[in-house]
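# Tertiary structure, described
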Amino acid sequence: MACAVKMEGLRLEQETMGFKSGYVTLVGRPNVGKSTLLNRLVARKLAAMSRRPQTTRNRITGVCHVPGGQIILLDTPGVHKTDQPLNRKMVQTAVSTFDDADLILLLISAPEGFTELDRFVFEAIQKSKTPVALAINKVDAVGKPPLLDLIAQLSKEFDFRQIVPISALKEDGLESLKRVLLDELPEGPPYFPEDLVTDCPEEFLTGEIIREKIIKLTHLEIPYSVAVVVEAMREGRQEGVTLIDATVYVEKASQKGILIGARGQLIKKVGTQARKELERRLGGKVVLSLFVKVKPGWRGNERSLNELVYPND
Ligand SMILES: Nc1nc2c(ncn2[C@@H]2O[C@H](COP(=O)(O)OP(=O)(O)OP(=O)(O)O)[C@@H](O)[C@H]2O)c(=O)[nH]1
Ligand SMILES: [Mg+2]
């Protein structure tokens, strides 16, 4: 269930003297902290985050409302080299945002510096005419001198609009980043009403919470072999209770066994962790029912991909 955002969507009509608004796509290799940054900038958990690479599979929109402007952020899957159909589609999803955005914010990770894969991402971005700014993330994990060396090296080698050191995790440098992003956006009316932070369907966001817990609680190929489809979300008979039914797809019967775990322990743990987060988010009681199903080799099959991960494409 991807987000059905249309970037060319109608802007809201209102007095707009001096107001700035536009799209910033967050781009980078897997695991540099794009989703963490999205969540921090919009002050709401929209995207799944994990220490494993290739967590994000869809484009996720988050609106950062600032005085005098609206920064519409697009979280994208990590760009990497791959032949696998799901991964190819993930990379395409990221690349498809380049031309439509007003600014590309390339993220790298300070401890690793500018890697070969960062260079590969940079070259992919260069095919688009959209201006590029650089955010060096995870500065909490490096000392000042190496960071200054890295900034000096990158400003000598590349012509980024801006280079901004940040720590998404520790929320350090984010106010400066917002100012830089707003600076780069055109004047124009807002695209979204003030109380909206995303246009992603609630079912999609819910599925991502469940998938995040699975990624955290499983190992080897399981985190990558899982797709979550929220089949139903409805008010229960009791007021303040939401009933959620979700199917977790895996590729093999052996994975189903592992995910369910001895006496159902593992899937129960997934369910409990997801439910607690959903209850905080929805502000009420949640009854979450998870069903595990096998869809053999779904990641390699275009039809299954569209059905399970990209229903709006
Ligand atoms: N130390 C540190 N860790 C961070 C920071 N930002 C993100 N991380 C960690 O980096 C890991 C990856 O974060 P994500 O936000 O999931 O990264 P991503 O770029 O969205 O990854 P993909 O979706 O796989 O492309 C997580 O373990 C985060 O906690 C930061 O500023 N400092
Ligand atoms: Mg991500």
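To be clear, the structure that these remarks concern was listed above.
The notes below deal with the structure included here. Every value quoted in this text rests on a predicted model; they were computed, and no experiment measured them. Numbering of residues starts from 1 in every chain and runs along the sequence as written. Each chain gets a letter, beginning with A, and each ligand a number, beginning with 1, in the order they are written. For a predicted model such as this one, the threshold for reporting local features is a pLDDT of at least 70, and the threshold for listing and counting side-chain atom pairs is 80 or more; totals across whole chains, interfaces and linings nevertheless cover every residue. Side-chain figures throughout are based on the complete set of non-hydrogen atoms in the structure, without hydrogens or water.

This next bit is on the overall build of the protein. Helix and strand labels come from DSSP, where a helix needs a run of H or I of at least four residues and a strand needs a run of E of at least two; each type is numbered from the N terminus. Helices and strands together make up the secondary structure of the protein, namely 10 helices and 9 strands. All radius of gyration figures rest on C-alpha atoms, and the globule criterion is 2.2 Å times the number of residues raised to 0.38. Relative to the 2.2 N^0.38 estimate, which gives 20 Å for 313 residues, the radius of gyration of the protein is 20 Å and therefore close to what a compact globule would have. Taking the principal axes of its C-alpha atoms as reference, the protein extends roughly 60 × 45 × 35 Å. When accessible area is computed with a 1.4 Å probe and restricted to protein chains, residues below 20% of their type maximum are described as buried, those above 50% as exposed, and intermediate ones as partly exposed. When burial is assessed residue by residue, the protein has 53% of its 313 residues classed as buried. Expressed as a percentage of contacts within the protein between residues at least 6 apart in sequence, the contacts between residues at least 24 apart total 72%. Across the protein, the mean location of the 44 positive side-chain charges is 9 Å away from that of the 40 negative side-chain charges. In what follows, residue pairs with any heavy atoms lying within 4.5 Å of each other are defined as contacts. Only four residue types enter the charge count, namely Lys and Arg as positive and Asp and Glu as negative; His and the chain termini do not. For this purpose, a charge sits on NZ of Lys, CZ of Arg, CG of Asp or CD of Glu.

Our next topic: the pattern of salt bridges. Any carboxyl oxygen of Asp or Glu within 4 Å of a side-chain nitrogen of Lys or Arg constitutes a salt bridge here. By the definition in use, this model includes 18 salt bridges. Between Glu212 and Lys216 there is a salt bridge, with the nearest N and O atoms lying 3.6 Å from each other. Taken together, the residues Glu212 and Lys216, both in helix H6 (residues 202-217) and 4 residues apart, mark about one turn of the helix. A relative accessible area of 45% places Lys216 in the partly exposed class. A salt bridge links Glu307 to Lys295, with the shortest nitrogen-to-oxygen separation between them at 3.2 Å. With Glu307 in helix H10 (residues 302-308) and Lys295 in the loop between strand S9 (285-294) and H10, this residue pair connects regions lying 12 residues apart in the sequence. By relative accessible area, which is 21% here, Lys295 ends up partly exposed. A network of salt bridges, in which partner residues are shared, links Lys45, Glu212, Lys213, Lys216 and Glu277.

In this structure, Ser35 (OG) and Thr56 (OG1) serve as the protein donors to the magnesium ion (ligand 2), at separations of 2.0 to 2.1 Å. Of this pair, Ser35 sits in helix H1 (residues 34-42) while Thr56 sits in the loop between H1 and strand S2 (60-66), and the two are 21 residues apart along the sequence. Taking relative accessible area as the criterion, Ser35 reaches 7% and is therefore assigned buried. Residue Thr56 is classed as buried on the basis of its relative accessible area of 7%. Because water is not among the atoms used, a metal site may look incomplete, as its donors are only the N, O and S atoms within 2.8 Å, or 3.2 Å for Na, K and Ca.

Now for the environment of Gln153. Relative to the assigned elements, Gln153 resides in helix H4 (residues 144-157). Overall, the relative accessible area of 40% leaves Gln153 in the partly exposed class. Sequence-wise, Gln153 and Phe114 are 39 residues apart; in three dimensions their C-alpha atoms are separated by 9.6 Å.

So, about the layout of surface pockets. Definitions used for this entry: grid spacing 1 Å over protein atoms alone; cavity, a set of points where a 1.4 Å probe fits but cannot get out; pocket, an open set with protein on both sides within 12 Å along at least 5 of 7 lines; lining residue, one with an atom within 4 Å of a point. Grid points are joined across faces, edges and corners, and a volume is the space filled by probe spheres set on the points. The volume enclosed by the largest pocket comes to roughly 400 Å³. Asn31, Gly33, Thr36, Ser50 and Lys138 are, among the 25 residues lining the largest pocket, the residues nearest its centre. The biggest single contributor to the lining of the largest pocket is H1, with 3 residues. For the lining of the largest pocket, the per-class residue count stands at 8 nonpolar, 12 polar and 5 charged. As a working rule, the residues Ala, Val, Leu, Ile, Met, Phe, Trp, Tyr, Cys and Pro are called nonpolar, Asp, Glu, Lys and Arg charged, and the rest polar, with Gly in that last group.

Here 6 strands make up an open sheet; going across it, the order is S2-S3-S1-S4-S5-S6 and the pairing mixed. Single-partner strands in this sheet number two, and they are S2 and strand S6 (163-165). Each neighbouring strand pair of the sheet contributes to a mean axis angle of 25°, computed without reference to strand direction. Pairing analysis gives 7 bridges linking S2 to strand S3 (residues 69-75), with the strands arranged antiparallel. Residue Ile60 lies in a different strand from S3, and its bridge partner there is Asp75. What counts as an axis is a line fitted to C-alpha atoms, over the stretch in contact for a helix, and the angles between N-to-C directions run from 0 to 180 degrees. Against the sheet, helix H3 (residues 116-126) makes contact with strand S1 (20-27), strand S4 (103-109) and strand S5 (132-137), and its axis sits at roughly 175° relative to S4, the strand it touches most. Strands pair, by our definition, only if DSSP identifies at least two bridges between them.

This part covers empty space enclosed by the protein. Summed over all chains, the structure comprises 3 cavities of 30 Å³ or more. Of the pockets and cavities examined, the second largest cavity occupies roughly 40 Å³. In terms of lining, the second largest cavity is formed by Ser50, Arg52, Pro53, Gln54, Thr55, Arg57, Arg211, Ile215, Pro223 and Tyr224. Mapped by element, the contributors of at least two residues to the lining of the second largest cavity are H6 and helix H7 (222-225). Looking at the lining of the second largest cavity residue by residue, the class counts come to 4 nonpolar, 3 polar and 3 charged. Residues from two domains meet in the lining of the second largest cavity; each of domain 1 (20-184) and domain 2 (202-308) gives at least three. Domain start and stop positions are those given by an automatic or database domain assignment.

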